[in-house]
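Architecture and fold: a report
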Amino acid sequence: VTFKGYPTTSKLLGQNAGWGEERVNLAEQSLLNKLIRRSLVRNRNQVEVLQADPNSPLYSVKTFEELRLKPELLKGVYNMGFNRPSRIQENALPMMLAQPPQNLIAQSQSGTGKTAAFSLAMLSHVNPDNKWTQCLCIAPTYELALQTGQVIEQMGKFCPDVKLAYAIRGNRMERGAKLQQQIVIGTPGTVHDWCTKYKLIDPKKITMFVLDEADVMIATQGHRDQSIRIHRQLPMNCQMLFFSATFEDSVWRFAEQIVPEPNIIRLKREEETLDTIKQFYVNCKEKEDKFTALCNLYGALTIAQAMIFCKTRKMAAWLAESLTKEGHQVALLSGEMTVEQRAAVIERFRSGKEKVLVTTNVCSRGIDVEQVSLVVNFELPVDLDGNADNDTYLHRIGRTGRFGRRGFAVNMVDSQHSMDIIKQIEMHFNRKIIKLDTSNLEEME
Ligand code: ADP
């Protein structure tokens, strides 16, 4: 296992605001991911490891038994349905549990098992007999802190002596009375208050500090500085664990401030490809014309499920309404919905209650498209300058791995400009996009 060079800039998925009216809120996106995720994200890439001390042996585990966890903790892990460590956990767990303590920076896309990994590390680290706070974990938002807290609670279900407190807004505490909970999870502002203003936590007694979702953290106003302020109060020998789904330069600089002598573990996102996708375009005039083409297309094909992308909420709402009038069962994802509402819509679509999902781009991140056999770009993805947004295009219709299911992508072209975009996309991916006549659909067979 090797690490090739230092982390390079990687684009924050979905931060591309070129796509119409909606901007991505990273914290919401992350929460949505957590709400709709039921299992590990598939990733066959090699884990890259850069050790702080290249001469020390590198341990990795293939089973949870090898970690020699307390039996009640192992029971909690199995009770969650985990059979073996995930890719990133194979290396991260032994490193986090090692003696003497090791610092860690870990980066892998959401859904690869980071939260479960550090939850396990915290639960294993604490001494339940000591009735004071030993592990401190900070998360970017109230909701994300709650989500992670639930993982810790679930995993620690059979460890009744280990207690968890939530340092989040609204959780009022009496000043000065020291907390007895061994683990505290919260947002930076409240955690800082609990350490300094209210003196509920003695930061000098913290021996494990976890910073979760660092990329989301620095995207949130004030959180970076607040985190650094907390970090400054911690003792020298405190173990520092730092997690991020992406690793651009700003995240890396933040990591360097928090984690001295780091071990670094990275798992690259699995590349998406267009290899198993047949791509088409349809010439249309205006939106009504596109709508007719869409109905022809849909009527002619036996499609498992379809996803239709629009640029604006308004267009998405119009299209969903028009499709519903035609008698289709349609799900609509729209920017004004709360994260919980979006998660519910995605859940219904996934379970097959609706066959068509109409969405704007930013709403749909995190949806696993492998089960979707038709993707329609009702409007083409463009960046702020009006050029083809190739990353978004790939993300909408691409599949990971060689065994990704086959699918169709249909692009609605309504002007010379959109035809130019199709040409740009063809050039970029070096894949032909075939003209389709929706009144004669034999080409698709
Ligand atoms: P991340 O923090 O990287 O987003 P999570 O720790 O939340 O990833 O894990 C993603 C999903 O996979 C969750 O549903 C979690 O319960 C599950 N999971 C985590 N580790 C394992 C494992 N070793 N085996 C099976 N499922 C796992």
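Reference entry: report on the structure contained in this document. Keep in mind that what you see is a predicted model, and the values were worked out from it rather than measured. (Residues numbered from 1 in each chain as written. Predicted model: local features only at pLDDT ≥ 70, side-chain atom pairs only at ≥ 80, totals over all residues. Heavy atoms only, no water.)

**Quick notes on the pattern of salt bridges**
If the charged atoms of two oppositely charged side chains come close together, the side chains can form a pair. The following threshold applies: By convention in these notes, a salt bridge is any Lys or Arg side-chain nitrogen within 4 Å of a carboxyl oxygen on Asp or Glu. Think of it this way: any DSSP run of H or I at least four residues long counts as a helix, any run of E at least two long counts as a strand, and we number them from the N terminus.
For the structure shown, the criterion picks out 13 salt bridges. A salt bridge links arginine 431 to aspartate 275, with the shortest nitrogen-to-oxygen separation between them at 2.5 Å. In this pair, arginine 431 is assigned in the loop between helix H14 (416–429) and strand E17 (434–435) and aspartate 275 in the loop between strand E9 (272–273) and strand E10 (277–283), connecting sequence segments 156 residues apart. The partner of glutamate 336 in a salt bridge is arginine 313, with the nearest N and O atoms 3.7 Å apart. Residue glutamate 336 is found in the loop between strand E12 (330–333) and helix H12 (339–350), and its partner arginine 313 is found in helix H11 (residues 313–325); the two are separated by 23 residues along the sequence.

**Here we look at the site of the ligand**
Selection criterion: Proximity is defined per residue: any heavy atom of the residue falling within 4 Å of a molecule or strand makes that residue near it. Any pair of nitrogen or oxygen atoms within 3.5 Å is treated as a polar contact; in protein, a donor-acceptor pairing is required on top of that, and neighbouring residues in sequence qualify only through side-chain atoms on both sides. Values of accessible area rely on a 1.4 Å probe in the Shrake-Rupley scheme; residue burial ignores everything except the protein chains shown.
Taken together, 18 residues form the shell around the ligand, and within it Arg84, Gly111, Lys114, Thr115 and Ala116 come nearest. Contact between the ligand and threonine 112: an oxygen atom at 3.2 Å from a main-chain N or O atom of the residue. Measuring from an oxygen atom of the ligand, one finds a backbone N or O atom of glycine 113 at 2.9 Å. Across the complex, the protein chains shield 82% of the 560 Å² of accessible surface that the ligand would expose by itself. For the shell around the ligand, the element with the highest residue contribution is helix H4 (residues 114–125), accounting for 3 residues.

**Let's talk about the sheet that holds E12**
What counts here: Note on pairing: two strands pair once DSSP finds at least 2 bridges between them. The contact criterion used is simple: two residues touch if any of their non-hydrogen atoms lie within 4.5 Å. Only the stretch in contact is used when a helix axis is fitted, and all axes are lines through C-alpha atoms; the angle between N-to-C directions ranges over 0 to 180 degrees.
A sheet is described by the order of its strands in space; here 7 strands give the open sequence E12-E13-E11-E14-E16-E10-E17, paired in parallel fashion. A single partner strand is all that each edge strand has here, and the edge strands are E12 and E17. Relative to E17, E10 is paired through 2 bridges, and the arrangement is parallel. Considered in E17, the bridge of phenylalanine 280 is made with isoleucine 434. Along the sheet, H11 contacts strand E11 (306–310), E12 and strand E13 (356–360); its crossing angle with E13, the most-contacted strand, is approximately 165°. Strands in contact with helix H13 (residues 390–397) are E10, E11, strand E14 (374–377) and strand E16 (407–413); relative to E14, the strand with the most contacts, it is inclined by about 150°.

**What about the state of the cysteines?**
In plain terms, the rule: The rule for a disulfide is simple: a pair of cysteine sulfur atoms within 2.5 Å. When accessible area is computed with a 1.4 Å probe and restricted to protein chains, residues below 20% of their type maximum are described as buried, those above 50% as exposed, and intermediate ones as partly exposed.
For the structure shown, the criterion picks out 0 disulfides. Not engaged in a disulfide, the cysteine cysteine 159 finds its nearest cysteine sulfur in cysteine 135; these two sulfurs lie 12 Å apart. A residue is classified by how much of its surface remains accessible, and cysteine 159, at 8% relative accessible area, is buried.

**Digging into the side chain of glutamine 147**
Looking at where glutamine 147 falls in the secondary structure, it is placed in helix H5 (residues 142–155). Among the residues examined, glutamine 147 registers a relative accessible area of 19% and is labelled buried.

**Some points on the sheet that holds strand E3 (residues 135–138)**
Strand order in this open sheet of 8 strands is E1-E8-E2-E7-E6-E3-E5-E4, and the pairing throughout is mixed. Taken across any chain shown, the strands that pair with only one partner, and hence form the sheet edges, are strand E1 (47–50) and strand E4 (164–167). With direction set aside, neighbouring strand axes in the sheet form an average angle of 15°. In this structure, E3 lies alongside strand E6 (residues 208–211), joined through 4 bridges in parallel fashion. Across the sheet, the residue bridging to cysteine 137 is valine 210, located in E6.

**Topic: the environment of glutamate 347**
Structurally, glutamate 347 is set in helix H12. Classification of glutamate 347 as partly exposed rests on a relative accessible area of 29%. Through-space distance from the C-alpha of glutamate 347 to that of methionine 217 is 27 Å; in sequence the pair is 130 residues apart. In this structure glutamate 347 touches Leu35, Ile36 and Arg38, once residues within four positions along its chain are discounted.

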